[in-house]
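# An overview of the molecular structure
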Amino acid sequence: MSRFMNVNGKHYRTIWLKEEDKRVVQIINQLVLPHKFEILDLHRVEDVRRAIKDMYVRGAGLIGAAAAYGMYLAALEASDSAFERDLLASAQILKATRPTASNLAWAVDAMLAKLTGPSGDMEQKRVEARSLAGEIADQDAEYCRNIGLHGAEIIAGIAEKKKGETVNILTHCNAGWLAFVDYGSALSPVYTAFDRGIKVHVWVDETRPRNQGASLTAWELAQHGVSHDLIPDNAGGHLMQHGMVDMVITGADRVTRCGDAANKIGTYLKAVAAKENGVPFYVALPSSTFDFTMRDGLREIPIEERDAAEVRYVSGKTSGGIIETVQICPDATPARNWGFDVTPGRYIRALISERGVCEASERGILSLYPERAANG
Ligand code: MRU
């Protein structure tokens with residue numbers, strides 16, 4: 001089945017090369033959604049660095065694809081005389097933008113592996129850089145499409161048990177197509193189930209402090225016609241206690257070989273509430289989000305701490321239609337802002353990847369990825 005994510009009926013990916021000039025990368029500016037749909041041109045590695053760092057693009061898979069296209073621009077910028085040195089410098093710059101999502105380093109390293117080494121023709125390497133970045137983006141989209149197929153089976157099973165009644169799914173942050181190249185991770189099963197005619201409804205956590213649920217997930221679901229309600233971040237436990245959540249699906253920014261999952265701050269609390277209430281909690285991810293070198297997510301996964309201003313201020317549209325940012329605390333209130341938390345594998349009913357569904361444990365993960373057994 002071929003199915004794409006649309007905006008006002010037109011298919012878009014989140015990142016692509018400009019039709020008229022393939023040396024320019026184009027992105028959807030996620031900073032102005034949902035109030036405005038805007039496409040930006042990125043010309044240089046510095047543009048890509050800023051786009052990732054300042055969250056014009058965000059979400060694990062899209063960060064990876066953006067980094068891959070960033071390395072393509074790096075190859076265009078690199079001098080012939082010091083091609084490899086220049087590429088390595090750009091790789092460092094891109095890798096330093098955001099520490100938690102493993103897709104970033106994975107994509108940069110994949111580009112480096114292809115573009116460095118025995119010297120060859122630089123123009124040829126630039127051509128290869130472009131095609132590899134495209135392959136990384138295509139692979140992300142294809143993997144997410146497959147996550148949708150596997151995850152939809154789980155939703156279909158719940159729908160069957162409920163005799164066709166609506167399946168209520170809670171999600172946190174945005175792990176839809178905006179967080180990837182297309183389809184999404186956590187939302188891909190929702191879209192697939194919806195497209196098959198299964199009745200689904202999504203509880204959308206607003207996801208403070210940056211409100212990716214309110215601004216991005218709610219927008220995506222509306223574009224696709226999926227029933228949803230925005231809820232405050234602290235409402236999920238109450239809904240679970242009252243049987244109003246059939247399953248939770250979130251994305252992930254990094255998952256260790258033992259199944260511990262880093263995801264947007266607040267995910268862990270939802271997983272604890274889900275376990276307490278017997279609600280199955282699923283984490284959906286493409287294989288580029290696994291970090292097979294790590295075991296203990298709590299100790300090992302680097303957690304990005306972001307600017308306190310994200311907690312102290314909120315942005316939104318005034319009744320007059322103007323986008324404004326306002327302060328929500330006393331002038332001198334200090335704040336802290338951890339971007340992610342880690343949900344231990346024991347809270348996760350299963351992981352959903354492009355290869356299938358598995359237990360969130362080393363044994364479960366290696367049953368889908370036996371070739372990674374030696375990478376521990
Ligand atoms: O800080 P962000 O917006 O880049 O957050 C990442 C995320 O989108 C979430 O953690 C998401 O649920 C997993 S990444 C697809």
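Residues numbered from 1 in each chain as written. Predicted model: local features only at pLDDT ≥ 70, side-chain atom pairs only at ≥ 80, totals over all residues. Heavy atoms only, no water.

Core analysis: the biggest nonpolar cluster contains 81 residues, and Ile-15, Met-71, Met-111, Ile-155, Trp-177, Val-200 and Met-247 have the highest contact counts within it. A per-element tally of this core places helix 5 (residues 122–161) first, with 14 residues. Two domains each provide a minimum of three residues to this core, namely domain 1 (6–139) and domain 2 (150–375). If we skip the residues at most four places from it in the chain, Ile-155 touches Val-167, Ile-169, Pro-189, Val-190, Ala-193, Ile-198, Val-200, Met-247 and Ile-249. Trp-203, Ala-235, Ala-273 and Phe-290 belong to the second largest nonpolar core, which has 29 residues in total. (Core = buried A, V, L, I, M, F, W, Y, C linked by side-chain atoms within 4.5 Å. Buried < 20%, exposed > 50% of the residue type's maximum accessible area, 1.4 Å probe, protein only. Helix = DSSP H or I, 4+ residues; strand = E, 2+ residues; numbered from the N terminus. Domains from an automatic or database assignment. Contact = heavy atoms within 4.5 Å.)

Inspection of the entire model under this criterion finds 8 aromatic pairs. Measuring from ring centre to ring centre gives 6.4 Å for Trp-177 and Trp-219, while their planes differ by 35 degrees; the resulting arrangement is tilted. Residue Trp-177 is found in the loop between strand 6 (167–171) and helix 6 (187–195), and its partner Trp-219 is found in helix 7 (residues 212–224); the two are separated by 42 residues along the sequence. Each member of the pair Trp-177 and Trp-219 is classed as buried. Ring plane angle 85 degrees and centroid distance 5.9 Å describe the contact between Tyr-268 and Tyr-347, whose orientation is recorded as edge-to-face. Taken together, the residues span a long stretch of sequence, with Tyr-268 in helix 9 (residues 267–276) and Tyr-347 in the loop between strand 16 (340–343) and strand 17 (350–353) at a distance of 79 residues. Residue class for Tyr-268 comes out partly exposed when judged on its relative accessible area of 33%. Accessibility expressed as a relative area gives 17% for Tyr-347, which makes it buried. Counting every residue linked through ring pairs, the aromatic cluster contains Tyr-12, Trp-16, Phe-37, Trp-177 and Trp-219. One Lys or Arg, Lys-275, reaches over the ring of Tyr-347 and ends 5.9 Å from the middle of that ring. (Phe/Tyr/Trp six-rings, centres within 6.5 Å; stacked < 30°, edge-to-face > 60°. Lys NZ or Arg CZ within 6 Å of the ring centre and 35° of its normal.)

Here we take up the pattern of salt bridges. Within this structure, the stated rule accounts for 26 salt bridges. For Glu-304, the salt bridge identified is with Arg-306, shortest N-O distance 2.7 Å. One network of salt bridges, with partners in common, ties together Arg-98, Arg-210, Glu-304, Arg-306 and Glu-310. (Salt bridge = Lys/Arg side-chain N within 4 Å of Asp/Glu carboxyl O.)

The environment of the ligand is formed by 18 residues, the closest being Arg-58, Arg-98, Asp-253, Asn-263 and Lys-264. Contact between the ligand and Asp-253: an oxygen atom at 2.6 Å from a side-chain N or O atom of the residue. Measuring from an oxygen atom of the ligand, one finds a side-chain N or O atom of Lys-264 at 2.7 Å. Calculation on the ligand without its partners gives an accessible area of 400 Å², and the protein chains cover 100% of this total. Under a 2 Å grid-point criterion requiring more than half of the atoms, the pocket assigned to the ligand is the largest cavity. (Near = heavy atom within 4 Å. Polar contact = N/O pair within 3.5 Å; in protein donor to acceptor, adjacent residues only side chain to side chain. Areas by Shrake-Rupley, 256 points an atom, 1.4 Å probe, with all protein chains shown as cover. 1 Å grid on protein atoms, 1.4 Å probe; cavity = no way out; pocket = protein on both sides within 12 Å on 5 of 7 lines; lining within 4 Å. Sits in = over half its atoms within 2 Å of the grid points.)

Counted by the stated rule, this structure contains 4 cavities of 30 Å³ or more. In this structure, the largest cavity encloses a volume near 160 Å³. If you go around the largest cavity, you meet 19 residues; those closest to its centre are Arg-58, Gly-59, Ala-60, Asn-174 and Asp-253. For the lining of the largest cavity, the secondary structure elements donating two or more residues are helix 2 (60–77) and strand 11 (261–264). Its residues assigned to classes, the lining of the largest cavity comprises 9 nonpolar, 6 polar and 4 charged. Counting only domains with at least three residues in the lining of the largest cavity, you end up with domain 1 (6–139) and domain 2 (150–375). (Points joined across faces, edges and corners; volume = space filled by probe spheres on them. Nonpolar A, V, L, I, M, F, W, Y, C, P; charged D, E, K, R; others polar.)

Okay, the UniProt feature "transmembrane region" (unreviewed entry) in the chain next. Residues annotated by UniProt as "transmembrane region" (unreviewed entry) correspond here to residues 56–75. Secondary structure content for residues 56–75 is 80% helix and 0% strand, while the C-alpha to C-alpha distance between its ends is 22 Å. (UniProt positions renumbered as here; feature names shortened; annotations may be inferred.)

A few words now on the domain arrangement of the chain. Examined at the domain level, the chain breaks down into domain 1 (6–139) and domain 2 (150–375). Taking only C-alpha atoms, the centre of domain 1 and the centre of domain 2 are 25 Å apart. At the interface, 32 residues of domain 1 touch 32 residues of domain 2. Summed over the shared surface of domain 1 and domain 2, the number is 1 salt bridge.

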